[in-house]
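Per-entry structural report
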Amino acid sequence: MTRCIIFQAMVACYPGYGSHYVKHVDNPNRDGRCITAIYYLNRDWDIKQNGGLLRIFPEGWRDQVADIEPLFDRILFFWSDRRNPHEVQPAYKTRYAITLWYFDAEERNQACRRYQRESR
């Protein structure tokens with residue numbers, strides 16, 4: 001059984017004015033991140049007026065996406081690897097979220113050893 005540990009957190013503030021984050025994968029290089037958890041802090045969010053939608057492109061879903069509104073007190077979990085490319089669409093009001101990554105301990109250790117070898 002693989003042990004997961006909480007290792008890293010990030011607080012994100014999109015300042016509005018169309019700020020966004022391009023389509024990406026949180027763990028494209030086997031750095032140990034296995035689960036992404038996002039907690040939203042946006043009171044009175046109106047997706048039509050404020051934008052800021054999280055769009056997930058799940059692997060294997062043809063021509064379908066998962067659109068998640070960044071509503072206050074919502075928490076979301078998804079795989080951090082290639083299975084869930086995602087993006088934040090333009091936000092027109094300040095948008096807040098806290099992201100936590102749960103790490104696979106063995107994959108993280110291997111990534112750290114790779115980094116040490118490559119840094120020499």
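Predicted model only: the values in this text are computed from it and were never measured.

**Describing the sheet that holds strand β7 (residues 86-91)**
The strand order β2-β7-β4-β5 describes an open sheet built from four strands, whose pairing is antiparallel. Only two strands of the sheet have a single partner each, and these edge strands are β2 (19-24) and β5 (66-68). For this sheet, the mean angle separating the axes of adjacent strands, direction not counted, is 20°. When strand β4 (residues 54-56) meets β5, the two strands line up antiparallel, connected through three bridges. In the sheet register, Arg55 faces β5, and the bridge partner there is Asp67.

**Looking at the pattern of salt bridges**
Side-chain pairing between opposite charges can occur once the charged atoms of the two side chains come close. By the definition in use, this model includes five salt bridges. Between Arg33 and Asp31 there is a salt bridge, with the nearest N and O atoms lying 2.8 Å from each other. Looking at Arg33, the relative accessible area reads 16%, which means it is buried. In this structure, Arg83 engages Asp81 in a salt bridge whose closest nitrogen and oxygen atoms are separated by 2.9 Å. What makes Arg83 partly exposed here is its relative accessible area of 31%.

**Examining the pairing of β7**
The buried fraction of β7 is high, at five of six residues. Inspection of the sheet shows β4 paired to β7 by three bridges, in the antiparallel sense. Directly across from Arg55, in β7, lies its bridge partner Glu87.

**Let's talk about the environment of Arg43**
Inspection of the secondary structure puts Arg43 in the loop between β3 (33-40) and α1 (47-50). Classification of Arg43 as exposed rests on a relative accessible area of 56%. Spatially, the C-alpha atom of Arg43 lies 5.0 Å from that of Phe72, the residues being 29 residues apart in sequence. Apart from residues lying up to four places away in sequence, Arg43 is in contact with Phe72 and Lys93.

**Overview of the side chain of Arg33**
By secondary structure assignment, the location of Arg33 is in strand β3. A distance of 2.8 Å separates the side chain of Arg33 from the side chain of Asp31, its partner in a polar contact. Apart from the residues within four sequence positions on either side, Arg33 is in contact with Gln8, Asp26, Asn27, Ser80, Trp101, Tyr102, Phe103 and Glu107.

**A closer look at unusual backbone geometry**
In most cases, non-glycine residues show a negative phi, while peptide bonds are predominantly trans. With phi around 55°, Asp63 is a residue other than glycine that occupies positive phi space. Within the fold, Asp63 resides in the loop between β4 and β5. Taking the relative accessible area as the measure of exposure, Asp63 reaches 83% and is therefore exposed. Phi at Asp73 takes a positive value of approximately 70°, unusual for a residue other than glycine. Positionally, Asp73 belongs in the loop between β5 and β6 (75-79).

**Regarding the packing of aromatic side chains**
The full count for this structure, using the stated rule, is zero aromatic pairs. Over the face of the ring belonging to Trp101 we find Arg33, whose NZ or CZ atom lies 5.0 Å from the ring centre. Lying over the aromatic face of Phe72, Arg43 brings its terminal NZ or CZ to 3.9 Å of the ring centre.

About the cut-offs
- Residues numbered from 1 in each chain as written.
- Predicted model: local features only at pLDDT ≥ 70, side-chain atom pairs only at ≥ 80, totals over all residues.
- Heavy atoms only, no water.
- Pairing = 2+ DSSP bridges.
- Helix = DSSP H or I, 4+ residues; strand = E, 2+ residues; numbered from the N terminus.
- Axes fitted to C-alpha atoms, helices over the stretch in contact; angles between N-to-C directions.
- Salt bridge = Lys/Arg side-chain N within 4 Å of Asp/Glu carboxyl O.
- Buried < 20%, exposed > 50% of the residue type's maximum accessible area, 1.4 Å probe, protein only.
- Contact = heavy atoms within 4.5 Å.
- Polar contact = N/O pair within 3.5 Å; in protein donor to acceptor, adjacent residues only side chain to side chain.
- Phe/Tyr/Trp six-rings, centres within 6.5 Å; stacked < 30°, edge-to-face > 60°.
- Lys NZ or Arg CZ within 6 Å of the ring centre and 35° of its normal.

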